[in-house]
Structure formats: structure tokens, C-alpha cells
Amino acid sequence: MFFAEIILPLNLPRTFTYSVTAEERNLLQRGMRVAVPFGKNKIYTGLVTELHDREPSLYEARPIGQILDEKPIVTEIQLAHWLWIASYYMCSPGDVFRGAMPSALLLESETMISLKPDANCDPEQLSDQELLVYSALLQQSSLRVSEVMPLLNRKNVFPIIRKMMENNIISIREEVQDMYTPKLVKYIRLHRDYDAASDLQALLEVLKSAKKQKEALLGYFQLNAEKKPIAVKRLTETSGVTAAVIKGLVEKGIFEEYHIREDRVDFGDDRGDDRLLLSKAQQSTLDNIVSALEKKDVCLLHGVTASGKTEMYFRLIEKYIKEGQQVLYLLPEIALTTQLVGRLQKHFGNRVSVFHSKYSNNERVETWNRVLDNAEKAQIVIGARSALFLPFRQLGLVIIDEEHEQTFKQQDPAPRYHARDAAIVLASYHQAKVLLGSATPSLETYYNATSGKYGLAEITERFGNVLMPEIELVDIKDKYFRKRMTGHFSDTLIGHIEAALSVNEQVILFQNRRGYSPVVECLTCGHVPQCPQCDVSLTYHKFKGQLRCHYCGHHIAMPVNCHQCGSPDLTTKGFGTEQIEQELALLFPNAKTARMDQDTTRGKYSFEKLIDSFKNREIDILVGTQMLAKGLDFDNVSLVGIMNADNMLYYPDFRAFERSFQMMVQVSGRSGRSHKQGKVVIQTFNPMHNTIQQVTRNDYEGMFKEQLYERHIYKYPPYFRLIRLTLKHRDFEKLREGASWLYEVLRQNLDIPVLGPEEPSVSRIRNEYIRTIMVKMPQEKALGQTKKRIRKVLNSFETIAPYRAIKVIVNVDF
Ligand code: ADP
Ligand code: ZN
Ligand code: ZN
């Protein structure tokens, strides 16, 4: 008798044993997928982790269905890494398996398939079986895989479905199909034959009788003094000639047109050659990184904003791919990958592949296979956190840009892993090196770098010796007192915006809250509309005329009268991006403004489109939430305004000061990235607050030391590791009892601090009440042991009948 140990893509605590025939035993290897029956009549794609001859004692092993692969598509290292993730982050191997594989590789009986709307398929070319599926889908817009089985009168339908997916005939679930192509902007420059100023006279002579063309040419020379690319649009605006006139000049061979992808605006005089020379500071920093990586596996690049970290990453990547190694480049945000891919491709040609969850299934499977085959096309993989699950063969280098970003931590669903930390572990399995980059490293990372666990390379000057922005604090308590506020704008901020706009420079305004205002209040009775399902007030969204819950999406029309007392005197408290945008329209009616927050970037690629328009200077003032802070490079922003620094600071989270510092420094870093020094205005009620003072002085060290001290005293990372248990139930009393039980038993079983059960600041979401328990593990404690004990307690918790319905979510290193 032969058996296979199989991980199912489900939240089950263990693997399952299936029986295999002798023939199957010969074909099967670890890391291959099989279709297996599970439960009454479900079929799943499972992963073989072990082949053995031990018959299970508790249940009768069922035979596997079909073998889906000819060779392993999950490597030994992946298997080990995934099991590490499951045990470290206290989730099931099945959770990791499901989170790691593109869903096209995880077909199951419940998967829905449908015809692709743009499928241009020739029925003649289809096999009989494919034709049956195709015709059925013409009748009925979608089918479950389980419905395909009786249709074809066979169980083994996964391969047929896979093939039809590969041929772009069908797709599964809601997939994002098309990719974003950055806007191409048309620019012009003087033809190579004319070498700038010296030929001006001769050219003007030639154009003597063409008055309009002459004007265009003069306009061109004026703009050219700025030494920036000249968009056709801009030239028409400044010189007052039409696009046709410029076209005429192109036809005469005086101008030439070119396009720049908006993710790569560079400077007029370099033509084609994009290999930038590193500055002295960059070169010596790069040398430091290289030598640090000779001694340590991980190195932190702590480089101020606009120091040109990307360029240094590129050089390091070059070194590793020359040696035939694979490189993984992780970014905190999918939208940022679009910005970078173009640059990478320009540099490394077609050795670059992109991988993230918004890509279509086919593209993801393709990249999966390329990485598995160690193909040249996938030597460099860029992606958001899920890219670390790819089947690397020869990983040599991992780069994690903006390593401090909290988006690297997956919150929901399991596996709740931290991509930075999981990538460091992955790299160690491959004996690969890791470079973490940030202008504002996380406390944990900087602690590791200064305590000698990681190497450290620092660069404190911006590229081109551009000065760090000058930061001005505005005490808004004083401004209100002296009546110097217009809406939420101080006279100081207004003055600086005017100054920037008058010289055609762009402005970014940061407000870490969306909507119009987070609270609506009745002036007569004090009633504040609340979400009926959650324990929060409803946020007013003025454009939509709605009150919305930011936790569950519940919304109602903005009431005219108070629901409680009927009074029409309703007022708003606090403000969000919408309100700022509206105030801007009154203050600067001639400026073009736009807003960037979750509400305006929900549509497909709307984030990229906004960034493109801003880079193209179609927007003068951009108002946004923290989305603005993430590593974007704008070359014409000379002013950044932080509307209110205080609400970030007082957020109930032990990382609030660290995060506020990072946020403010990062947003400030968007200002003055090229040419001249930028300006930052921070409006606050607490100008003397330590964190704000540290931002003003760009004093990362100061922030680090202060926060580290607090973390030590109050037992937080990096000194203690945290595990948070979140309990949820619709019955308040039952939850309270269950939470107390769990807390007590954990406290009795663990000899380390257990805190709680606490009511979080939002203690009910979607009608489920919430309680949290926190476990603090000292660094020196054996982690695995503690986690095992917690798991044991959780297992007994689940066996207690009245508590069984209480959901428990475990979040390690949250
Ligand atoms: P960071 O990631 O450190 O904030 P970036 O990598 O975005 O900085 O670089 C800031 C700006 O400086 C970018 O516009 C980039 O093109 C430019 N830059 C960086 N290094 C060089 C270089 N060696 N030569 C020319 N331009 C550079
Ligand atoms: Zn009222
Ligand atoms: Zn709600």
C-alpha cells in the first residue's frame, strides 16, 4: 500500500493521507499537485508533501483523483518556507498553500468558470470536449467545475479547463484582465542637426516668412532654458500657436517628436542612454552595501528621500544577474510596480517579470512557470508581497523597498505574514542576500541594523545635492485665536500655495482622512449618527450626499433633520480630504485640483491615471491620504502641506509616533526632489510635540532613541514579540465570557505577559462584537514553544460547546 500526504487549500490543521496505486507512486513526487475528493462530493487541488507507506489509523484513506503535474511545480525550498510561515504565523499549511498559489493552479469543484468577453475562439479549433464546455457557456454565462464533470462525463476535467484558460477562452472568478499602459506624452525637441542656441539665428532666417513657426521656435527656446522635457501641449500654451504649427516644424525637420512614458521623465539633454552615472555619495554607499553584504545576509540602506535609492538597487541587481542569480524586488503597493516596471525594463530589457494579485491568472501562471524554469525572462521579478511565494530556483538577492510600510503585513485573510520578514527567511533558505531600503526604517529594522544583526549603509544627501525641504510649523491654535484661518487653511499655508502656483510649481496637501468629515452632530440635542452595525460614527461624504461607515460600507442619505429631535441644525466635526478639496475650490478657483484617496482610486488604474496627470502637470494641487507618501517621484512639487498632524499622533497604537514620523517625513520627501529646495508646511495644535520636532529636524535618530526607550519600558517590539488574538461574536455576553475564559487559561499556561481581554477602540463591526487579548513574548524566550502552548489552549477553547461559535483570529507580529 502506498500513501501520499496532501495539503488541501483549506483551513485545516494538518495534511491528509490519500492512497495511491503503485503506478501513481512511480509518477508522483513531492511538490506535484493532485485532484482529490474531500468531504461528501467536493474536489480540490491538493499538494503532495510526502510519499510513504504508513496507513492512517483514524480514517480510511481515499484514493487520489488525478495527478495534475508532470513534474513538481512547488520546490523543496518553497515547501519548507511555507511550513515555516504556517508555524510562525500560527495558521494552517492549507492557508499558506491557498494564499501562495495563483488560483488558476488551484482549481476546485466549486470554481466558477465563464467565457472571456473578448475570447476570439474558433470553434473549429476546439477539441470535442472543449467544444462541449464552450457551447454550455454560450447558453449559461457561468458554470461550476463540478457541473463540467457530468457534462463531459468524466472526473478529470481540470486539465481541459486549464488548457482553455491558457488559450484565453475562459476565465475563472472575477479576474483583472488588462494591464495598465502608462500614458504616452508627446514631447518635442530640436532636431539633432541643430545644436541649440548657436543655430538659432540661422533657423530664424529660414523661417523668416513663416511667422507662426517662428513664434513657436522662440517659445521653444524660452522653455528650453528650464532644461526639462517640453511637451507639445505646453509649447502650444506658452507660445499661443496651434499643434498644427508645431507639426509643420516637425515636417521641416527642425523639431523632432518623441514620447516619454510618464514613469520615466528624464532630462532633455540625455538622448537614449539611460545608464545614469552614480554620484560620489551613491557610489560610496553602494560600495558600503556590497561590503556589508559580504559579511551579513541582510543590509539596511537608510537613505534620505530622493537620495536615489532606486539607482543603487539597479546597480546591485546588475551584479547578481550577471552571476546568473534570480532577483526578487518587493514594493509595498501594487500601483507602484507600474511606475517602476518601465524603468526596470529600460535597464534590464526583457529579464523583468511582474507578479501581483491584480494580474490575470494566466499571467501569474506564466510568471510562476518562468521562475520555476529559471527562465531569463523572469530573472528579475518585481511585485507586491505575494511575489515571495514564487518557485525561485536560484534566488540571489531580495530587495525590499520602503521596508517600513505596514502594507507588507497581510492582515486578512490568513496567512497573516509580514512579507519583509518572510522574505528574509526565504532568502536564508536560498543563501541569498537581502537589501532593505527606506528613508524612515521601521524601529525593528533599524534596531537590527544598529545592533549588528544587519549591515547598515547610510546616505544623507539627496541626488544632485538638492537640499532637504525646509519645514515650517504652523501653530493652528494660535492661528484660530488670531482669526488667521480660512476654513482649515492658515494664512501661512495659503501664502505658500499662492507663491508656488505663481511660478507654476505643484502642491501636495496631505490629510489622513477621507470623506468630508468623520462626525455629524446635532447642535440641538448632541446626537451623532452612528452605524447601526458597527461601533463608529458615520462619515459625511458631501459629493455623494451620504453618511457612510468606513468599516462595513453601510450608507444612508445625509439627513436634513436630526433623527433624534428633528432639529435642522446639524454641524460637522473634523475634516477629511473632500472638505479640503472643496475649500481649495473657493480659495484657488483658478487652480486645477484633484483628490487621491480610497474613494477616487477605487476604479481600475485610477491611481495610476491620477499619478500620470499629476506628473504631466495637468493638476496643480493634489490632496490626498497616506497613498501620497509611498515612494512617488514628482519633479515639480515645491510645496507639501500637512493639514493636521495631530490625528495621526493620537491614534491608539503603540506605533503611532513612529508611524506619524514616517508618514510626515515621507510626505515631506515629495517636495523639492529636483533643482530647488522644497518647502513643507505642517499645521498642528502641538508644535512642541517631540515627534513633530523630530520631523522638523529630520531627526530619525532622535525619534528612534526616544521610541526605543518607550518600547523597552512598555514591553513592545523589538524587545517583545506580540501575538494578538481577536475574538468575534454577535452575542455580547457570550463573547465576554469566552474572552475571559481564554484570557484566564492563557495566563495560567504561559509564564509571560498576557493582556486583556480588551475592548478595541472600534468594538463592534458588522454586528460582531470584538475583544482582543495580547501576548507579549520576550525576545529570549523560545518562540516555538510558546506558540505551541497557545495553540493547545485554543484547541481546548474550541472544544467548549458555548464558545465554539466564537471566531478567534491569531495575528503574530501585528
Ligand atoms: P529615493 O528612492 O531615494 O527617494 P529616487 O530613486 O526616486 O530616490 O531618485 C530621486 C530622483 O533622482 C529621481 O528622479 C531619479 O531619477 C534621480 N536620480 C537618482 N540617481 C540618479 C543618478 N545617478 N543620475 C541621474 N538621476 C538620478
Ligand atoms: Zn438632535
Ligand atoms: Zn458599519
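Source: prediction; values computed, not measured. (Residues numbered from 1 in each chain as written. Chains lettered and ligands numbered in written order. Predicted model: local features only at pLDDT ≥ 70, side-chain atom pairs only at ≥ 80, totals over all residues. Heavy atoms only, no water.)

Draft legend 1. Expanded view of the overall build of the chain. Along the chain, the regular secondary structure elements total 26 helices and 36 strands. Relative to a compact globule of 814 residues, whose C-alpha radius of gyration would be 28 Å, the chain shows 30 Å and is just as compact. Once the C-alpha set of the chain is aligned to its principal axes, its extents read approximately 95 × 70 × 60 Å. Counting over 814 residues, the chain shows a buried share of 56%. Summarising the internal contacts of the chain: among those between residues at least 6 apart in sequence, 74% fall at separations of at least 24. (Helix = DSSP H or I, 4+ residues; strand = E, 2+ residues; numbered from the N terminus. Rg over C-alpha atoms; globule rule 2.2 N^0.38 Å. Buried < 20%, exposed > 50% of the residue type's maximum accessible area, 1.4 Å probe, protein only. Contact = heavy atoms within 4.5 Å.)

Draft legend 2. Representation of the coordination of the zinc ion (ligand 3) within the structure. Taken together, Cys531 (SG), Cys534 (SG), Cys549 (SG) and Cys552 (SG) make up the protein donors of the zinc ion (ligand 3), found 2.2 to 2.4 Å from the metal. Viewed at the metal, the four donor atoms of the zinc ion (ligand 3) are separated by angles of 106 to 112 degrees, and the geometry they form is tetrahedral. Of note, the donors binding the zinc ion (ligand 3) are all from one chain and are spaced C-x2-C-x14-C-x2-C. Residue Cys552 is classed as buried on the basis of its relative accessible area of 15%. (Donors = N, O, S within 2.8 Å, 3.2 Å for Na, K, Ca; no water. Tetrahedral: all angles 85-135°; square planar, octahedral: opposite > 155°, others 65-115°.)

Draft legend 3. Quick peek at the environment of Lys807. With respect to the element layout, Lys807 can be found in strand S36 (residues 807-812). Sequence separation of Lys807 and Leu727 is 80 residues, and the distance between their C-alpha atoms is 5.5 Å. Among all residues touching Lys807, those that are not within four sequence positions of it are Thr726, Leu727, Lys728 and Glu768. Of note is the side chain of Lys807, whose polar atom sits 2.9 Å from the side chain of Glu768. (Polar contact = N/O pair within 3.5 Å; in protein donor to acceptor, adjacent residues only side chain to side chain.)

Draft legend 4. The arrangement of the coordination of the zinc ion (ligand 2) in detail. Looking at the metal site, the zinc ion (ligand 2) is ligated by Cys522 (SG), Cys525 (SG), Cys562 (SG) and Cys565 (SG), spaced 2.3 to 2.4 Å from it. Around the zinc ion (ligand 2), the four donor atoms sit at angles spanning 107 to 112 degrees, and that spread fits a shape best called tetrahedral. Read from N- to C-terminus, the donor residues coordinating the zinc ion (ligand 2) fall into the pattern C-x2-C-x36-C-x2-C. The exposure class of Cys525 is partly exposed, given its relative accessible area of 37%.

Draft legend 5. Up close: the nonpolar core. Counting residues in each nonpolar core, the largest one holds 175 residues, and the members touching the most others are Trp82, Ile113, Ile317, Tyr329 and Leu388. Of all the elements, helix H12 (residues 309-322) adds the most residues to this core, at seven residues. (Core = buried A, V, L, I, M, F, W, Y, C linked by side-chain atoms within 4.5 Å.)

Draft legend 6. Structural view of the site of ligand 1. Taken together, 15 residues surround ligand 1, and among them Leu277, Ala306, Thr310, Asp633 and Arg673 come closest. For ligand 1, an oxygen atom lies 2.5 Å from a polar atom in the side chain of Asp633. Here ligand 1 loses 85% of its free accessible area of 560 Å² to cover by the protein chains. Residue contributions to the shell around ligand 1 peak at three residues, all from H12. Across the shell around ligand 1, the residue classes tally to six nonpolar, five polar and four charged. (Near = heavy atom within 4 Å. Areas by Shrake-Rupley, 256 points an atom, 1.4 Å probe, with all protein chains shown as cover. Nonpolar A, V, L, I, M, F, W, Y, C, P; charged D, E, K, R; others polar.)

Draft legend 7. Looking closely at the packing of aromatic side chains. Scanning the entire structure with this criterion turns up 27 aromatic pairs. A ring pair is formed by Tyr480 and Phe685, whose centres lie 6.3 Å apart and whose planes are at 10 degrees; its orientation type is stacked. Taken together, the positions of Tyr480 in helix H17 (residues 476-481) and Phe685 in the loop between strand S31 (679-684) and helix H23 (690-696) put the pair 205 residues apart, joining distant regions of the chain. Summarising the aromatic geometry, the rings of Phe797 and Tyr803 are spaced 5.4 Å apart at their centres and angled 20 degrees between planes, so their arrangement reads as stacked. The buried category is assigned to Phe797, whose relative accessible area is 1%. Note on Tyr803: relative accessible area 11%, which makes it buried. (Phe/Tyr/Trp six-rings, centres within 6.5 Å; stacked < 30°, edge-to-face > 60°.)

Draft legend 8. Structural detail: helix H16 (residues 443-450). The buried count for H16 comes to six of eight residues, which makes it a mostly enclosed element. Every buried residue of H16 is listed here: Leu443, Glu444, Thr445, Tyr446, Asn448 and Ala449. Buried-residue contacts for H16 involve strand S12 (298-303), helix H15 (419-430), strand S17 (433-438), strand S18 (455-459), helix H22 (656-668) and helix H24 (700-713).

Draft legend 9. Spotlight on the pattern of salt bridges. Here the structure, examined in full by the defined rule, presents 43 salt bridges. Glu76 is paired through a salt bridge with Arg30; the nearest N and O atoms lie 2.7 Å apart. With Glu76 in helix H2 (residues 76-88) and Arg30 in the loop between helix H1 (22-27) and strand S3 (33-38), this pair connects stretches of sequence that are 46 residues apart. For Glu76, a relative accessible area of 45% translates into the label partly exposed. Notably, a salt bridge pairs Lys679 with Glu472, separated by 2.8 Å at the nearest N-O pair. One end of the pair, Lys679, is in strand S31; the other, Glu472, is in strand S19 (residues 470-475), with 207 residues separating them in the sequence. Overall, Lys679 belongs to the buried group, its relative accessible area being 14%. By relative accessible area, Glu472 is classed as partly exposed at 25%. Via salt bridges that share partners, Lys211, Lys212 and Glu215 belong to a single interconnected network. (Salt bridge = Lys/Arg side-chain N within 4 Å of Asp/Glu carboxyl O.)

Draft legend 10. Looking closely at the pairing of strand S35 (residues 768-778). The buried fraction of S35 amounts to ten of the eleven residues, a majority that puts the element mostly inside the structure. One ladder, built from ten bridges, connects strand S32 (residues 720-729) with S35; its direction is antiparallel. Pairing of Leu727 across the sheet is with Arg771, part of S35. The pairing of strand S33 (residues 754-758) with S35 spans three bridges and is antiparallel. Looking at the pairing, Leu755 lines up with Met774 of S35. Between strand S34 (residues 764-765) and S35, which follow one another and run antiparallel, lie two residues, and Arg766 among them has a positive phi close to 50 degrees. (Pairing = 2+ DSSP bridges.)

Draft legend 11. Representation of the UniProt feature "domain: Helicase ATP-binding" (unreviewed entry) in the chain. UniProt marks residues 290-459 with the feature "domain: Helicase ATP-binding" (unreviewed entry), using the numbering shown here. Along residues 290-459, the helical share is 39% and the strand share 22%, with 14 Å between the first and last C-alpha atoms. (UniProt positions renumbered as here; feature names shortened; annotations may be inferred.)

Draft legend 12. Broad picture of the sheet that holds strand S4 (residues 42-52). Reading across from one edge, S3-S4-S1-S2-S5 is the order of the five strands in this open sheet, with mixed pairing throughout. Looking at the sheet topology across the chains shown, the edges are occupied by S3 and strand S5 (62-63). For S3 and S4, the ladder comprises six bridges, and the chain directions are antiparallel. Bridge pairing in S4 links Arg33 to Leu47.

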